[in-house]
Amino acid sequence: MEIVDITKENLGKNPGAICFINPKNPTHSLKVDWINQRLTEGLRIKLLYSEGRKKVIGFIEYVPGEYAWRAVNATGFMFIHCLWIYPNANKNKGLGSILIRECIDDARRNNLNGVAVVASKSAFMANSSIFLKNGFTKIADDKGENELLAISIKLGPFPSINNWREKLTTFTGLHILYSKQCPWVARMVKEIGEFEPAKRLGLKITEIKSAAEAQNAPSLYAVFNLIYNGKLLSDRYISITRFNNILKNEKLI
């Protein structure tokens, strides 16, 4: 196996850094642009390749905590955005732990207090078990499916969850707030924006364009927020079918 650090120079040669989005899909270039901007803020992406660099089997994306794209205060910590191992046959072999240790070592080299992450019981995000196995501790949760975990390297205050619920109260009508941090989110938002029922309901779509805006988002996950009159309807990217079902459940259509 080989670990490759993504840079501006080698990004084009390592499409696995764009989360399995087809390079021909318009949202592929959106994530490329997002990565290039964030590299100047200390963003790190590491790809784990199988023997002979035949294919990517693991991925981790992390950034200094002050630039975290989650509704957290994680200054002084390295913050993990994403971790995945693919396909399922490669899971439970210690590959995720290899990438987590890479991040911890990076935090230690940069004299940071530790590493933090938002994990989830929901589909598509890493759950807390792999982080707990690697020495992380649960710090807090959002009373839903998301948990904030951290591991300390040296003494210092732990990260905390920002008051995202207070942000919800400022929204009237139907809204989506999203970030290009996840290319799958950007892809689904475009499809939803063209959906006729969304147009009739006056759906307002707002892009989260900076880490500071993400840290003040109306959900802990921050990257995707579907809101109606101050109620968070979903904090995960959704299909048109799921979006339509949510509208029906809320009696909006």
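Quick note: structure is the one above.
Residues numbered from 1 in each chain as written. Predicted model: local features only at pLDDT ≥ 70, side-chain atom pairs only at ≥ 80, totals over all residues. Heavy atoms only, no water.

### What to know about the overall build of the protein chain
No. 1: Along the backbone of the protein chain there are eight helices and 13 strands.
No. 2: Its C-alpha radius of gyration of 18 Å places the protein chain within 12% of the 18 Å reference for a compact globule of 253 residues.
No. 3: Considering the protein chain as a whole, with its 253 residues, one finds that 52% of them fall into the buried category.
No. 4: Contacts spanning at least 24 positions in sequence make up 63% of the contacts within the protein chain whose residues lie at least 6 apart.
No. 5: Of the roughly 12000 Å² of accessible surface on the protein chain, 49% is carried by carbon and sulfur atoms. (Helix = DSSP H or I, 4+ residues; strand = E, 2+ residues; numbered from the N terminus. Rg over C-alpha atoms; globule rule 2.2 N^0.38 Å. Buried < 20%, exposed > 50% of the residue type's maximum accessible area, 1.4 Å probe, protein only. Contact = heavy atoms within 4.5 Å. Areas by Shrake-Rupley, 256 points an atom, 1.4 Å probe, with all protein chains shown as cover.)

### Focus on the pairing of strand S3 (residues 56–64)
No. 1: Counting buried residues in S3 gives nine out of nine residues, a clear majority hidden from the surface.
No. 2: Pairing analysis gives six bridges linking strand S2 (residues 44–49) to S3, with the strands arranged antiparallel. By the bridge assignment for S3, Leu47 is matched with Phe59.
No. 3: Where S2 hands over to S3, the hairpin turn is made up of six residues, of which Gly52 adopts a positive phi near 80°.
No. 4: Bridge count for S3 against strand S5 (residues 77–85) is seven bridges, and the pairing is antiparallel. Bridging from a neighbouring strand, Glu61 pairs with Cys82 of S5. (Pairing = 2+ DSSP bridges.)

### Details of the pattern of salt bridges
No. 1: Counted under the stated rule, the structure contains 14 salt bridges.
No. 2: A salt bridge links Lys190 to Glu194; the nearest nitrogen and oxygen atoms lie 3.0 Å apart.
No. 3: Here Arg236 makes a salt bridge to Asp235, at a shortest N to O gap of 3.0 Å.
No. 4: Judged by relative accessible area, which is 8%, Arg236 ranks as buried.
No. 5: In this structure, a network of salt bridges that share partners links the residues Asp5, Arg44, Lys46, Glu102, Asp106 and Arg109. (Salt bridge = Lys/Arg side-chain N within 4 Å of Asp/Glu carboxyl O.)

### As for the sheet that holds strand S8 (residues 146–152)
No. 1: Spatial strand order, S1-S2-S3-S5-S6-S8-S7: seven strands in an open sheet with mixed pairing. At either margin of the open sheet sits one strand with a lone partner, and together these are strand S1 (2–5) and strand S7 (137–141). Pairwise comparison of adjacent strand axes, ignoring direction, gives a mean angle of 25° for this sheet.
No. 2: Looking at chain direction, strand S6 (residues 114–120) and S8 are connected through seven bridges and run antiparallel. Paired with Val115 across the bridge in S8 is Ile151. (Axes fitted to C-alpha atoms, helices over the stretch in contact; angles between N-to-C directions.)

### With respect to the packing of helix H1 (residues 26–38) against helix H5 (residues 183–193)
No. 1: With their axes 9 Å apart at the nearest point, H1 and H5 run at an angle of 135° to one another. The orientation of H1 relative to H5 falls into the category oblique. Judged by the twist between their axes, the crossing of H1 over H5 is right-handed. On the side of H1, the interface is formed by Thr27, Leu30 and Lys31, while H5 contributes Pro183, Ala186 and Arg187. (Parallel < 35°, antiparallel > 145°, perpendicular 65-115°, else oblique. Left-handed = near helix turned anticlockwise from the far one by under 90°.)

### A short note on the sheet that holds strand S13 (residues 231–234)
No. 1: Here we have four strands laid out as an open sheet, ordered S11-S10-S12-S13, and mixed in their pairing. Looking along the sheet, the strands with just one partner apiece sit at the ends: strand S11 (204–207) and S13. In this sheet, adjacent strand axes meet at a mean angle of 30° when their direction is disregarded.
No. 2: Of the strand pairs in this sheet, strand S12 (residues 224–228) and S13 are connected by three bridges, and their pairing is antiparallel.

### Quick notes on the nonpolar core
No. 1: Membership of the largest hydrophobic core comes to 62 residues, with the highest contact counts inside it found for Leu226 and Phe243.
No. 2: Apart from residues no more than four positions distant in its own chain, Phe243 is found in contact with Leu174, Ile192, Phe195, Ala198, Leu226 and Ile238.
No. 3: By size, the runner-up hydrophobic cluster in this structure holds 23 residues, among which are Ile57, Met78, Leu83 and Ile151. (Core = buried A, V, L, I, M, F, W, Y, C linked by side-chain atoms within 4.5 Å.)

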